[in-house]
Amino acid sequence: DSQFDHQAIRSQFPALQQQLGDNPLCYLDTAATSQKPQCVIDAMNHYYRLDNANVHRAAHQLAARATLQYEQVRAQVQGFINAASTQQVIFTHGTTESINMVAHGLTDLFKAGDVILVDSAAHHANIVPWQALAQRTGAKVIPIPLDANGCLNLSAYDALLTQVPKLVALSHVTNAMGTINPVKAMVAKANNVGAMTLIDGAQAVAHLNVDVQAIDCDYYVFSGHKMYGPTGVGILYGKLDALEKLTPMLTGGEMIKTVSFEGTSYTELPNRLEAGTPAISAVIGLGAAITFLSELPQALIHQHEQQLIGYLQQQLSQLSDISVYGVTPNNDNIGAVAFNLADEHHQDVGILLDQQGVAIRGGHHCAMPLMQSLQIKGCCRASIGIYSNQQDVDRFIHALTEVKSILL
Ligand code: PMP
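The name given to the chain in an unreviewed UniProt entry is Cysteine desulfurase, with the source organism recorded as Shewanella holmiensis. Here the chain is described in UniProt, under the heading Catalytic activity (unreviewed entry), as follows: "(sulfur carrier)-H + L-cysteine = (sulfur carrier)-SH + L-alanine".

Pasting the structure below:
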């Protein structure tokens, strides 16, 4: 922390300044949703106070201002993930909607027997839409198994590729354990067998520099609310031909060229996949979050987060009766650490930590197949963001030690 003023970053998050009873808040649930800096809250308020108008529709000045800001954020997102054009950036309401748009949009291209390979540590949002697609078409979903560390088994992946899958769906970083998948190499292999690829970047974009052209995937999806932006906005990035393939899941206003009862034609990308009034204020808030992130010293922030996760892992490993899941061989977990305290229920641990002001998440983390392969019902997850510091980890470890003395 000595290399940059970390406190100056942290102080921009009003929610982190609060007390919970006698304790200051210790927020270690960033993987569920990040806290928001004041500039994001201000940008959304400003839009509602002064610029509120629908986008794309009217000749008046408020509409022009709203539209300009909305489209400027599209360009910001393009730069943020290094997409080749703004046409390839679709605003959605979140990762879940983005994946559903792809799975629905590809329905006509799938037939009985087609294979969809799915990361078995994926979030349900990157499993269930593929199962539904399989149900509609007779395709089959095959999970890519995990190795003993809880990471994807890459030789099993190679073997599955000989089945010539039609699509491969991966997490970039898993939400339950913060494990990172070598998506670039995995996509290259999928491309070699002609499979389409979708990468769920919901847990990656806030922590890694994502370059969608370098990854070379067909689709890359994420949510604004996990990268210091608001809820209600997400992104569907796609290669142009991959987006052109999608039958719009939502039809209606904004996405048409002409409408008549004899027949309707759809407009071009990106609007073709953005039916209806979008979450304009949320898009503007996402733009403010990207501006905020881009003004920070990226390399130092990444280093800070990696050091903090390393410290968290090391401190946890010094406690007895703690099982940690999915520690990657190089200890390069991103953002989150998953653990259980002996046989104690994760919910009990979470509630007792909360009583000391420490916010973590307990549950199956929307990854029930992963819990199954780890042979647990659920676990606790402590997750960090750019604002987290060593004091948060120390408070968490101290509180967990208390919990141990209560429960064990
Ligand atoms: N995928 C991953 C890896 C996630 O962490 C999440 C959020 N927990 C989602 C998908 C779903 O995102 P959202 O709820 O914003 O649609």
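Student: For this particular structure, what's the right way to read unusual backbone geometry?
Tutor: Peptide bonds are trans in most cases, and residues, glycine excluded, mostly fall at negative phi. A cis geometry characterises the amide bond from Leu269 onward to Pro270, with omega recorded as 0°. Here Pro270 shows up in the loop between β12 (265-266) and α10 (280-294). Notably, Asn82 is not glycine yet its phi reads approximately 55°, a positive angle. Tracing the backbone through its elements, the reader meets Asn82 in the loop between α3 (61-81) and β4 (89-92).

Student: Would you explain the side chain of His207 in this entry?
Tutor: Relative to the elements of secondary structure, His207 occurs in the loop between β8 (196-200) and α8 (212-215). Look past the residues within four positions of His207 in its chain and what remains in contact with it is His302, Glu305, Ile334, Gly335 and Ile384.

Student: Explain the packing of helix α4 (residues 95-105) against helix α5 (residues 128-137) here, please?
Tutor: Each packed pair of helices is defined by two parameters, the angle between the axes and the distance between the axes. Close contact between α4 and α5 brings their axes to 9 Å; oriented N to C, the two are set at 15°. Between α4 and α5, the interaxial angle falls into the category roughly parallel. The two elements α4 and α5 meet at a crossing, and its hand is right-handed. Taking contact as the criterion, the partners of Ile99, Asn100, Val102, Ala103 and His104 in α4 are, on α5, Pro129, Trp130, Leu133 and Arg136. Looking at the contact of α4 with α5 residue by residue, the classes come out as six nonpolar, two polar and one charged.

Student: Explain the pairing of β4 to me, please; I cannot follow it from the model alone.
Tutor: Sheet faces and side chains relate simply in a regular strand, where the side chains alternate between the two faces. Side-chain alternation along β4 places Val89 and Phe91 on one buried face and Ile90 and Thr92 on a second face that is also buried. Judged from the four bridges that link them, β4 and strand β10 (residues 234-238) form a sheet pairing that is antiparallel. Bridged to Ile90 within β10 is Leu236.

Student: Can you help me understand the nonpolar core in this one?
Tutor: It is characteristic of soluble globular proteins that their nonpolar side chains tend to be buried jointly. Grouped together as the largest cluster of nonpolar side chains are 79 residues, with contacts concentrated most on Val77, Leu117, Val168, Tyr220 and Ile386. It is α10 that contributes the most residues to this core, 10 residues altogether. Setting aside residues up to four positions removed in sequence, Tyr220 forms contacts with His172, Ile199, Gly201, Ala204, Val205, Val210, Val212, Ile215, Ile235, Leu236 and Tyr237. Counting residues in hydrophobic clusters, the runner-up holds 27 residues, among them Met101, Phe110, Ile127 and Leu273.

Student: Got a minute to help me understand the packing of aromatic side chains in this structure?
Tutor: Remark: the centre distance and the inter-plane angle together describe each pair of aromatic rings, the angle taken between the planes. What the rule picks out here adds up to nine aromatic pairs. For the pair Phe13 and Phe292, a centre-to-centre distance of 5.7 Å together with 75° between the ring planes defines the contact as edge-to-face. Of the two residues, Phe13 sits in the loop between α1 (6-10) and β1 (19-20) while Phe292 sits in helix α10, which places them 279 residues apart along the sequence. For the pair Phe13 and Phe292, one class covers both residues: buried. With centroids separated by 5.7 Å and ring planes inclined at 65°, the aromatic side chains of Phe339 and Phe396 adopt a geometry described as edge-to-face. Of this pair, Phe339 sits in strand β14 (residues 336-341) while Phe396 sits in helix α14 (residues 390-407), and the two are 57 residues apart along the sequence. Clustering of aromatic rings is evident, with ring pairs tying together Phe13, Tyr228, Phe292 and Tyr387. When the ring centre of Phe110 is taken as origin, the NZ or CZ atom of Lys166, which lies over that ring, is 5.5 Å away.

Student: What is the right way to look at the site of the ligand in this model?
Tutor: By nearness alone, every residue bordering the ligand is listed as Thr95, Thr96, His123, Ala125, Asn175, Asp200, Ala202, Gln203, Ser223, His225 and Lys226. Thr96 is positioned such that a nitrogen or oxygen atom in its side chain is 2.6 Å from an oxygen atom of the ligand. Contact distances for the ligand include 2.7 Å between an oxygen atom and a side-chain N or O atom of Gln203. Protein coverage of the free-state accessible area of the ligand, which is 400 Å², stands at 85%.

The rules we used
- Residues numbered from 1 in each chain as written.
- Predicted model: local features only at pLDDT ≥ 70, side-chain atom pairs only at ≥ 80, totals over all residues.
- Heavy atoms only, no water.
- UniProt positions renumbered as here; feature names shortened; annotations may be inferred.
- Helix = DSSP H or I, 4+ residues; strand = E, 2+ residues; numbered from the N terminus.
- Contact = heavy atoms within 4.5 Å.
- Axes fitted to C-alpha atoms, helices over the stretch in contact; angles between N-to-C directions.
- Parallel < 35°, antiparallel > 145°, perpendicular 65-115°, else oblique.
- Left-handed = near helix turned anticlockwise from the far one by under 90°.
- Nonpolar A, V, L, I, M, F, W, Y, C, P; charged D, E, K, R; others polar.
- Buried < 20%, exposed > 50% of the residue type's maximum accessible area, 1.4 Å probe, protein only.
- Pairing = 2+ DSSP bridges.
- Core = buried A, V, L, I, M, F, W, Y, C linked by side-chain atoms within 4.5 Å.
- Phe/Tyr/Trp six-rings, centres within 6.5 Å; stacked < 30°, edge-to-face > 60°.
- Lys NZ or Arg CZ within 6 Å of the ring centre and 35° of its normal.
- Near = heavy atom within 4 Å.
- Polar contact = N/O pair within 3.5 Å; in protein donor to acceptor, adjacent residues only side chain to side chain.
- Areas by Shrake-Rupley, 256 points an atom, 1.4 Å probe, with all protein chains shown as cover.

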